[in-house]
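Fold and geometry: a report
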Amino acid sequence: MSQSTPAAAVTHRLVSSSAGRIHLVEQGSGPLVLLVHGFPESWYSWRHQLPVLAAAGYRAVAVDVRGYGRSSKPEDVAAYRMLELVEDNVAVVHALGEETAVIVGHDWGAPIAANSALVRPEVFRAVGLLSVPYAPRGGPRPSEIFARMGGDEEFYVSYFQAPGRAEAEIEPDVRGWLAGIYAALSADTMPSADAPDPHFVSKGGTMRDRFPADRLPAWLSEDALDVYAGEFERTGMSGALNRYRNMDRDWEDLADFEGAPITQPSLFIGGALDASTTWMADAIKAYPTTMPGLIASHLLDDCGHWIQQERRKEVNEILTGWLASLPA
């Protein structure tokens, strides 16, 4: 964008969905690119992508997933099952007057994007996944897998699945807890390889026991942390955590998609130091079978989990290059 070209305006709006409402932030015009965040984030995690995609000729839209920010927060835990989130994304596309979109997700947003493409291929013509690889539905019930992972300790997903438990840890000091998890999973502040793994909880302990203290990753300013903390201080954590409490429901709901590939044009970007990419290395190796439409797969060296914020320039270059390669 030249200096003489004014930046496209950023628009906040609320649109209807089965949740009640979805809050979104929109910038630019052109083909629709829907951006879906993960945990514990919000639309704001895409703040570095919105203006770049707008400048490249796209209508970039970042949502607050149901349970987050200004989107509705249903009381029923089952309202946060994957199929409901897929339909929220479809509702956003249609509310914006579009028939199709490219969908891009990070962290939990990646499986939400993947399943949106899988379940509603007529709406989502291409899919980009950040940090969490695609792995088709299959295997044992997820809660059984997670229960076996920790040994004498407890895997964080199991810890999150009991309603109220993680809330009791996080909500008395939301800002401090967020600072800790962001630091724990960022390349420049994560614990050393020989330190206790922050993805596991010791008996009688909390996740925060293993988070780095008193340091923020380079990508996270005090002001940005204030934005994230302010949202969760206002909404509480249950809406966000309810995503973890539906994994067995998702496994049941998606039984018809056992082993199903994503055939649309696709993209993967991961951080080489992110547990999501090391634990799921076999899923990445399986992409020729599970994502036969894959155009490009990137692992960024010295990068952790918060990839579009940690390495915004590289991610923006990869995203815009991939989008430009898609069929019109």
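Residues numbered from 1 in each chain as written. Predicted model: local features only at pLDDT ≥ 70, side-chain atom pairs only at ≥ 80, totals over all residues. Heavy atoms only, no water.

1. Quick look at the confidence of the model for the protein chain
Summary statistics for the protein chain give a mean pLDDT of 95 and a share of 98% for residues scoring 70 or more. Below a pLDDT of 50 lies the segment residues 1-5, which in the model reaches 3 contacts outside its immediate sequence neighbourhood of four places, other chains included. (pLDDT = per-residue confidence, 0-100. Contact = heavy atoms within 4.5 Å.)

2. A short note on the pairing of strand β9 (residues 266-271)
Most of β9 sits out of view: 6 of its 6 residues are buried. Where burial is concerned, the two faces of β9 agree: the one with Ser266, Phe268 and Gly270 and the one with Leu267, Ile269 and Gly271 are both buried. Sheet topology places strand β6 (residues 124-130) next to β9; 4 bridges connect them, and they run parallel. Within β9, the position partnered with leucine 129 by the bridge is phenylalanine 268. Inspection of the sheet shows β9 paired to strand β10 (residues 294-300) by 6 bridges, in the parallel sense. Its bridge partner being in β10, phenylalanine 268 is matched across the sheet by serine 297. (Buried < 20%, exposed > 50% of the residue type's maximum accessible area, 1.4 Å probe, protein only. Helix = DSSP H or I, 4+ residues; strand = E, 2+ residues; numbered from the N terminus. Pairing = 2+ DSSP bridges.)

3. Describing the sheet that holds strand β3 (residues 32-36)
Spatially, β1-β2-β4-β3-β5-β6-β9-β10 is the arrangement adopted by the 8 strands of the open sheet, whose pairing is mixed. Each edge of the sheet is formed by a strand with only one pairing partner; in this case those strands are β1 (10-17) and β10. Averaged over all adjacent pairs, the angle separating strand axes in this sheet is 20°, with direction ignored. Of the strands in this sheet, β3, β5 (101-106) and β6 touch helix α3 (residues 109-119), which is tilted by about 160° from β6. (Axes fitted to C-alpha atoms, helices over the stretch in contact; angles between N-to-C directions.)

4. A closer look at the pattern of salt bridges
Per the stated rule, a full pass over the model turns up 20 salt bridges. Taking the shortest distance from any N to any O, the salt bridge between arginine 245 and glutamate 167 comes out at 2.9 Å. Here the residue arginine 245 occupies a position in the loop between α9 (238-241) and α10 (247-253), and glutamate 167 occupies one in helix α6 (residues 165-170), the gap between them amounting to 78 residues. A salt bridge links glutamate 231 to arginine 234; the nearest nitrogen and oxygen atoms lie 2.8 Å apart. One end of the pair is glutamate 231 and the other is arginine 234, both in helix α8 (residues 222-235) and 3 residues apart, which spans about a single turn. Taking relative accessible area as the criterion, arginine 234 reaches 48% and is therefore assigned partly exposed. Overlapping salt bridges, with partners in common, bring together Arg13, Glu26, Arg59 and Glu98 in one network. (Salt bridge = Lys/Arg side-chain N within 4 Å of Asp/Glu carboxyl O.)

5. Quick word on unusual backbone geometry
With an omega dihedral of -10°, the bond running from phenylalanine 39 to proline 40 counts as a cis peptide bond. If you check the backbone angles, aspartate 214 has positive phi at about 65° while not being a glycine. Examined against the element boundaries, aspartate 214 turns out to sit in the loop between β8 (200-201) and α8. Classification of aspartate 214 as exposed rests on a relative accessible area of 84%. Positive phi outside glycine occurs at aspartate 302, with the angle close to 55°. Looking at where aspartate 302 falls in the secondary structure, it is placed in the loop between β10 and α14 (307-310). Overall, the relative accessible area of 60% leaves aspartate 302 in the exposed class.

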